[in-house]
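Chain and residue survey
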Amino acid sequence: MASPAASLHAPIFLRWRQQRWPRTNLVRWAVRLAVAVPFVALADLANVAGGPSQENEALHRQAASLHWASEQLGWVAHAYPPLTLAIARFFPDGARGLAIAGGLCTGILVQLTIERLLLRAVPLASATLLTAAVVLTPAFWFVATQDFSAFLTLILLSVALTGLLDFTFNRSTESGFIAGIGFGLATMCDLAALPFAVAGALATLFVAPQAKAVREIARRRAAATVVLFPSAAALAGWAFLQWRFSGSWTKSFSDTGPMLFRFPGGVWVSLARAASSVGHDLVFAPILVAATVLLFARRPSSVFACLAFVGCVIANLWVGAPLSSPTVVVLLGVVALVLVPERLTAAERAALWACAALQVTLAFGGLHLGLTPVADWAHRLFSVGLHRH
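Here we summarise the structure given alongside this text. All figures in this text were calculated on a predicted structure; none of them were measured in a lab. (Residues numbered from 1 in each chain as written. Predicted model: local features only at pLDDT ≥ 70, side-chain atom pairs only at ≥ 80, totals over all residues. Heavy atoms only, no water.)

The next thing to look at is the nonpolar core. Ranked by size, the top nonpolar core spans 107 residues in total, and within it Phe 140, Phe 183, Ile 287 and Phe 309 carry the most contacts. Counting residues per element, this core draws most heavily on helix 8 (residues 148-170), which supplies 12 residues. (Core = buried A, V, L, I, M, F, W, Y, C linked by side-chain atoms within 4.5 Å. Buried < 20%, exposed > 50% of the residue type's maximum accessible area, 1.4 Å probe, protein only. Helix = DSSP H or I, 4+ residues; strand = E, 2+ residues; numbered from the N terminus.)

Right, dumping it as structure tokens:
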């Protein structure tokens, strides 16, 4: 008679190395490059259509203005976010090169997203379709090629949230460290990543299986520390460097977010405005709504993961460190795929397919309802493409 342990499904993290997609490292990188090629071409076309974007141009100018080799380290007060600034400094061809870099990164994000869905026993056809519903949209194209800093933050948050779910429900120590490091690196790309790290740490305390044993309580506290420490240490260390070499703890943070903790119109008015804005963006993410409903039906406590994520987006907008509307829309779509539950039934797959079709329809048909920058950019892009032909 088989033991009870032998009859259980292997946790996701135990199957990770055995079920990578594709199986070999060489083929995985070939898939990533193949996916990235059209986005690199799109980035090149976007550079021709309207020149480098304002976001990438500003990032390049800020990186170029820093005296990295100077013995005086006062430049640290102007060097946040350091990770994206370092990439912008050394990546060739300035702001145009950053658009190409964003195109290259899409291959990694798409491959990891499909692989993540396959590990949850989602069929390859469904995984590809759901991923395409996020990737084949103007908002995704815009963020990938026009805002490298936001896109890199999005990729790191996606990796971190995937590790967090595995860490919380399957107790994979490796995934916990991946989540913590992912949040930490994302925080070094954008202050907006910090609330996600805090929410992730809280999730390990309140969403993980509960127990009253002293050892279990200590384990949950240690898990929260693993998730939050990299982000907290990165910000605290950067603040100390600023204070040590420029005399200010917050100079580079306030330069990045001039409206940080200003709350225009008052605290409650700002909160209501932020909630309304994010609620509007949720219209463009029906897959996230469907994934939340499916998670709630299977494990009611899991709905807090979805609500906490939306709460983080609202908090960022409220305190004055917002992600742009196109970035929020793309992030909502990517996180929806992180939250898709395992082993979907035929009815659940059909519901998600319908939501995917609705999401693509809204992505193209609803641009002028709240994504005006994307609509204007797409119009210029298609005009140049048609003119060339």
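Let us now look at a nonpolar patch on the surface. Residues Phe 240, Leu 241, Trp 243, Phe 245 and Trp 249 make up a contiguous nonpolar surface patch of roughly 490 Å² in combined accessible area. Looking at the element boundaries, Trp 249 is found in the loop between helix 11 (214-246) and helix 12 (251-256). Taking relative accessible area as the criterion, Trp 249 reaches 45% and is therefore assigned partly exposed. (Patch = residues over 30% accessible without salt bridge, like charges linked within 9 Å, V, L, I, M, F, W, Y side chains within 5 Å. Areas by Shrake-Rupley, 256 points an atom, 1.4 Å probe, with all protein chains shown as cover. Salt bridge = Lys/Arg side-chain N within 4 Å of Asp/Glu carboxyl O.)

Burial within helix 7 (residues 138-146) is extensive, with 9 of its 9 residues counted as buried. Residues of helix 7 that are buried include every one of Pro 138, Ala 139, Phe 140, Trp 141, Phe 142, Val 143, Ala 144, Thr 145 and Gln 146, and no others.

Attention now goes to the environment of Ile 114. By the secondary structure assignment, Ile 114 is in helix 5 (residues 94-119). Given the relative accessible area of 7%, Ile 114 is considered buried. Linking Ile 114 and Leu 129, residues 15 residues apart in sequence, is a C-alpha distance of 9.4 Å. Non-local contacts of Ile 114, meaning those with residues more than four positions away in its chain, are made with Trp 21, Leu 124, Ala 127, Thr 128 and Thr 131. (Contact = heavy atoms within 4.5 Å.)

Moving on to the packing of aromatic side chains. Applying the stated rule across the entire model yields 8 aromatic pairs. Judged by centre distance (5.6 Å) and plane angle (85°), the rings of Phe 140 and Phe 151 are edge-to-face. With Phe 140 in helix 7 and Phe 151 in helix 8, this residue pair connects regions lying 11 residues apart in the sequence. Across the pair, exposure class does not vary: Phe 140 and Phe 151 are buried alike. Between Phe 142 and Trp 377 the ring centres are 5.6 Å apart and the planes differ by 75°, which places this aromatic pair in the edge-to-face class. Of this pair, Phe 142 sits in helix 7 while Trp 377 sits in helix 18 (residues 372-388), placing them 235 residues apart in sequence. According to the relative accessible area criterion, Trp 377 is buried, its value standing at 4%. (Phe/Tyr/Trp six-rings, centres within 6.5 Å; stacked < 30°, edge-to-face > 60°.)

Honestly, that's just the spatial picture; any functional story needs more than this.
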